[in-house]
Amino acid sequence: VDKNVYVTLDDEEIESVQIESTHTIEIDKFVPAKQIDTRYYDSPYYIVPNDNVGQDAFAVIRDAMKDTGMMGLGRVVLAKRERPILLEPFGKGIRATTLHYPYEVRKEDEYFAEIPDVKVSSEMLKLAEHIVETKAADFEPSKFEDHYETALVELIKEKQAGKVISKAPARAAAPPQGNVIDLLKRSLEIEGKRPRKAPPLQPDMPKAKAKRRQKA
């Protein structure tokens, strides 16, 4: 609690402040969905009614949130720890996401403060926008690949087959071809090597000299 000052607690004392789990979600308020800061998201859960009596109330709350664009903000006890929780309509059910407390979420200012203000040219911006457009696709989580798990399963198969496993750390895999950032870097490098256009002729230059310079 202070420099070199400690308060010690034994297990029984810590147990005395734990909150009993009631398996009940307490909804305190409803907030606009567009105000939710996704940095606070923790773990998602599916919520379903647990009996026939509760199905009507469940459907009413779900549909009311859907029609008003609001989300329920409340509290739930999980593993003897109370967590803030966010409820949102999700198909026929409700999706609940536990939230981090404010002290668990760091502010971006301490990380972004040293990023310089860079003035991006319109040519560079158009180039980057073009790359974004050519790489545009739908969000398909089914195509995510856990490369570590794939490599680990392969290692287990080799071990099972009696092969000698090298304990030397493997080299880092080369980044996939066509990586957006690499494409952008290469494009910017090419753009930077292109010869710049000659500066326009000064308006006070004699016309005869201007003509001769243009022919050259």
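Scoring rules and cut-offs
Residues numbered from 1 in each chain as written. Predicted model: local features only at pLDDT ≥ 70, side-chain atom pairs only at ≥ 80, totals over all residues. Heavy atoms only, no water. Helix = DSSP H or I, 4+ residues; strand = E, 2+ residues; numbered from the N terminus. Buried < 20%, exposed > 50% of the residue type's maximum accessible area, 1.4 Å probe, protein only. Contact = heavy atoms within 4.5 Å. Patch = residues over 30% accessible without salt bridge, like charges linked within 9 Å, V, L, I, M, F, W, Y side chains within 5 Å. Areas by Shrake-Rupley, 256 points an atom, 1.4 Å probe, with all protein chains shown as cover. Salt bridge = Lys/Arg side-chain N within 4 Å of Asp/Glu carboxyl O. Lys, Arg positive; Asp, Glu negative; His and termini not counted. Charge placed at Lys NZ, Arg CZ, Asp CG, Glu CD. pLDDT = per-residue confidence, 0-100. Core = buried A, V, L, I, M, F, W, Y, C linked by side-chain atoms within 4.5 Å. Phe/Tyr/Trp six-rings, centres within 6.5 Å; stacked < 30°, edge-to-face > 60°.

**Quick notes on the side chain of threonine 97**
With respect to the helices and strands, threonine 97 occurs in strand β5 (residues 93-99). The class for threonine 97 is buried, based on a relative accessible area of 6%. Those residues in contact with threonine 97 that lie beyond four places of it in its chain are Tyr41, Asp42, Ser43, Pro44, Pro84, Ile85, Leu86 and Glu88.

**Describing a negative patch on the surface**
Residues Asp10, Asp11, Glu12, Glu13 and Glu15 make up a contiguous surface patch of negative charge. On the secondary structure map, glutamate 13 appears in helix α1 (residues 11-15). Under the relative-accessibility criterion, glutamate 13 is labelled partly exposed at 39%.

**As for the confidence of the model for the protein**
This prediction gives the protein a mean pLDDT of 82; 77% of its residues lie at or above 70. Under a pLDDT of 50 for its full length, residues 205-216 has, in the predicted model, 4 contacts with residues more than four places off or in other chains.

**A look at the nonpolar core**
Among soluble globular proteins, nonpolar side chains are generally buried collectively. Of all hydrophobic cores here, the largest spans 7 residues; its members are Phe58, Met65, Val76, Ile85, Leu87, Ile94 and Ala96. The set of elements that each furnish at least two residues to this core consists of α2 (52-68), β4 (81-90) and β5. Once residues within four sequence positions are removed from consideration, isoleucine 94 is found in contact with Tyr45, Tyr46, Ile47, Phe58, Arg62, Met65, Leu87 and Glu88.

**Notes on the pattern of salt bridges**
The tally for this structure, following the rule as stated, stands at 9 salt bridges. Here aspartate 63 ties to arginine 62 by a salt bridge, and the two come within 2.9 Å at their closest N and O atoms. Accessibility expressed as a relative area gives 15% for arginine 62, which makes it buried. One salt bridge connects glutamate 140 with lysine 143, and the closest N-O pair in it is separated by 3.3 Å. Classification of glutamate 140 as partly exposed rests on a relative accessible area of 37%.

**Examining the packing of aromatic side chains**
One pass over the structure, following the stated rule, counts 3 aromatic pairs. Between tyrosine 46 and phenylalanine 90 the ring centres are 6.1 Å apart and the planes differ by 25°, which places this aromatic pair in the stacked class. With tyrosine 46 in strand β2 (residues 41-47) and phenylalanine 90 in strand β4, the pair connects residues that are 44 residues apart, well separated along the chain. Judged by relative accessible area, phenylalanine 90 falls into the partly exposed class, the value being 37%. Pairing phenylalanine 139 with phenylalanine 144 gives two aromatic rings, centres 5.9 Å apart and planes at 70°, and the pair type is edge-to-face. Per residue, the accessibility class of phenylalanine 139 equals that of phenylalanine 144, and both read exposed.

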